[in-house]
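# Coordinate analysis (summary)
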Amino acid sequence: MTGAEIDRTAIDAILDSVGGDVTFLAELMDEFLADSPEQISDMHQAFSAGDAESFRRAAHSLKSNSASFGAIELAEMCKELENIGKSGNLDAVGNILTDVESMYTNVKSALEEIRDKG
Amino acid sequence: MSEQGGHILVVDDNRVNRKLLRRALEQQEHSVVSAEHGLQALELVRSEAFDVVLLDIMMPELNGYDVLKTLKADPELRRIPVIMISAIDEMGSVIRCTEMGAADYLPKPFNAALLRARINASLADKRLHDMEQAYLAQIKAEQEKSERLLLNILPESIAERLKDSEMIIVDSFPEVTVLFARAQ
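Let us look at the structure shown here. Predicted model, so just to flag it, every value in this text is computed and none were measured.

## Remarks on the overall build of chain B
On a plain count of helices and strands, chain B comes out with six helices and seven strands. Start at the N end of chain B and walk to the C end: the helices and strands fall as β-α-β-α-β-α-β-α-β-α-α-β-β. In terms of C-alpha radius of gyration, chain B reaches 25 Å, well past the compact-globule figure of 16 Å for 184 residues. In chain B, buried positions account for 42% of the 184 residues. Sequence separation of at least 24 residues holds for 54% of the intrachain contacts in chain B that already meet a minimum separation of 6. For chain B, the exposed surface amounts to about 10400 Å²; the carbon and sulfur share of it is 52%. Taking the average location of the 22 positive side-chain charges in chain B and that of its 30 negative ones, the two points are 4 Å from each other.

This is the structure we're talking about:
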């Protein structure tokens, strides 16, 4: 797994919509970084319980947030998981969930770097 | 371009989206209230007057379809423009919501200029409708006022016959005799 690429135009779009407020952007990133592990954990739980709808919803939330912060690869992987959840058959999840976790770790580091640089 | 900000309800179970939309809308001079799910949204629209509702589709408790359906079935609430929040890969859902009466949709991730344009277009529609309703209420009030005036000077049966456009009315009452001829 390579390091996560963050599409800076997505970060710039957030900044543009909030009048260039970098403090707000940092707060928003922190919320994303706080919520994402929960969403991954929700996916694990739903997978274990065979609950396709909850699995789909958690994948959808992580996809949405990843796309907002320009984590395109992570968003694509979550989209794949969302579609699996939508199909109702979680057998196809395979290693994708583990890959999502690894990718998220990379995204986290990349976003923290952006946040800390201000 | 909106002359003044609107009062907007943002409904999304995703707190990052809620927070971002709230700040972006406040940046555009709107006042914002947010709800985490559909049930909370319905409670809010019944207790406060909103100009626009921004509504996510996939939510727990009550999803966006159910909220939209409830709003459009309620005569008091059906005129509030609803803009669906949707990922670009959910076009089927957007079409379904448009058929159900949604005014527009906002793709995620959000674009500030598009958000501004879509909110302002919906606000303009809502304000036009509100203005029409205000004129109708004014016309109704004027009508009631003139009817009261008519009843102050004429017996009720004569007032009714005048409203029915009778050309000639001749009638006698204990305190008054009425002779009325309308010019052709």
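## Some thoughts on the environment of Ala124(B)
Residues and elements named next belong to chain B. Its place among the elements puts Ala-124 in helix α5 (residues 112–153). Among the residues examined, Ala-124 registers a relative accessible area of 47% and is labelled partly exposed. Spatially, the C-alpha atom of Ala-124 lies 9.6 Å from that of Asp-51, the residues being 73 residues apart in sequence.

## Observations concerning helix α2 (residues 38–47) of chain B
All names here are of chain B. Within the span of α2, buried status applies to Gly-38, Ala-41, Leu-42, Leu-44 and Val-45. One side of α2 carries all its buried residues, which in axial view fall inside an arc of 165°. Seen from the open side of α2, the exposed residues pointing more than 90 degrees away from its buried face are Glu-43, Arg-46 and Ser-47. The inward-facing, buried residues of α2 contact β1 (7–11), β2 (31–35), β3 (52–56) and α3 (64–73).

## Digging into the pairing of strand β6 (residues 168–172) of chain B
Residue and element names in this part refer to chain B. Two elements, β6 and strand β7 (residues 177–181), share five bridges in a ladder whose sense is antiparallel. Bridge assignment links Ile-168 to a residue of β7, and that residue is Ala-181. Here β6 folds back onto β7, and the loop between the two strands holds four residues.

## As for the packing of helix α2 (residues 22–49) of chain A against helix α3 (residues 52–68) of chain A
Helix packing geometry: the angle between the two helix axes and the distance between the axes. All names here are of chain A. At a minimum axis separation of 8 Å, α2 and α3 run at an interaxial angle of 155°. The pairing of α2 with α3 is recorded here as roughly antiparallel in orientation. As α2 packs across α3, the resulting crossing turns out to be left-handed. Seen from α2, the contacting residues are Phe-32, Ser-36, Gln-39, Ile-40, Asp-42, Met-43, Ala-46 and Phe-47; seen from α3, they are Ser-54, Phe-55, Ala-58, Ala-59, Ser-61, Leu-62, Asn-65 and Ser-66. Residue composition of the contact of α2 with α3, grouped by class: nine nonpolar, six polar and one charged.

## Here's the deal with the interface of chain B and chain A
Put simply, an interface is often sized by how much accessible area is lost when its parts join up. Taken together, the contact pairs 20 residues of chain B with 26 residues of chain A. Both faces considered, chain B and chain A share a buried interface measuring about 2000 Å² in area, 54% of it formed by carbon and sulfur atoms. The largest contributions to the chain B side of the interface with chain A come from Val16(B), Lys19(B) and Met58(B), which together make up 30% of the buried area. At the boundary of chain B with chain A, the tally comes to five salt bridges. The interface formed by chain B and chain A includes six residue pairs in polar contact (both at pLDDT 80 or more). Examining the composition of the side of chain B that touches chain A, we find that eight residues originate from one element, helix α1 (residues 15–27) of chain B, more than from any other. Partitioned by chemical class, the residues of the side of chain B that touches chain A number 10 nonpolar, three polar and seven charged.

## Things to note about a nonpolar patch on the surface
Residues and elements named next belong to chain B. Side chains of Met-167, Ile-168, Val-170 and Leu-179 sit close together on the surface and give an oily, nonpolar patch of about 420 Å² of accessible area. Tracing the backbone through its elements, the reader meets Leu-179 in strand β7. With relative accessibility at 67%, the residue Leu-179 sits in the exposed group.

## Considering the side chain of Ser36(A)
Residue and element names in this part refer to chain A. Position of Ser-36 relative to the elements: it lies in helix α2. A polar side-chain atom of Ser-36 sits 2.7 Å from the main-chain carbonyl oxygen of Phe-32. Apart from the residues lying within four places of it in its own chain, the contact partners of Ser-36 are Leu-62 and Tyr-104.

Criteria and cut-off values
Residues numbered from 1 in each chain as written. Chains lettered and ligands numbered in written order. Predicted model: local features only at pLDDT ≥ 70, side-chain atom pairs only at ≥ 80, totals over all residues. Heavy atoms only, no water. Helix = DSSP H or I, 4+ residues; strand = E, 2+ residues; numbered from the N terminus. Rg over C-alpha atoms; globule rule 2.2 N^0.38 Å. Buried < 20%, exposed > 50% of the residue type's maximum accessible area, 1.4 Å probe, protein only. Contact = heavy atoms within 4.5 Å. Areas by Shrake-Rupley, 256 points an atom, 1.4 Å probe, with all protein chains shown as cover. Lys, Arg positive; Asp, Glu negative; His and termini not counted. Charge placed at Lys NZ, Arg CZ, Asp CG, Glu CD. Arc of directions from axis to C-beta. Pairing = 2+ DSSP bridges. Axes fitted to C-alpha atoms, helices over the stretch in contact; angles between N-to-C directions. Parallel < 35°, antiparallel > 145°, perpendicular 65-115°, else oblique. Left-handed = near helix turned anticlockwise from the far one by under 90°. Nonpolar A, V, L, I, M, F, W, Y, C, P; charged D, E, K, R; others polar. Buried area = accessible area lost by both parts, 1.4 Å probe. Salt bridge = Lys/Arg side-chain N within 4 Å of Asp/Glu carboxyl O. Polar contact = N/O pair within 3.5 Å; in protein donor to acceptor, adjacent residues only side chain to side chain. Patch = residues over 30% accessible without salt bridge, like charges linked within 9 Å, V, L, I, M, F, W, Y side chains within 5 Å.

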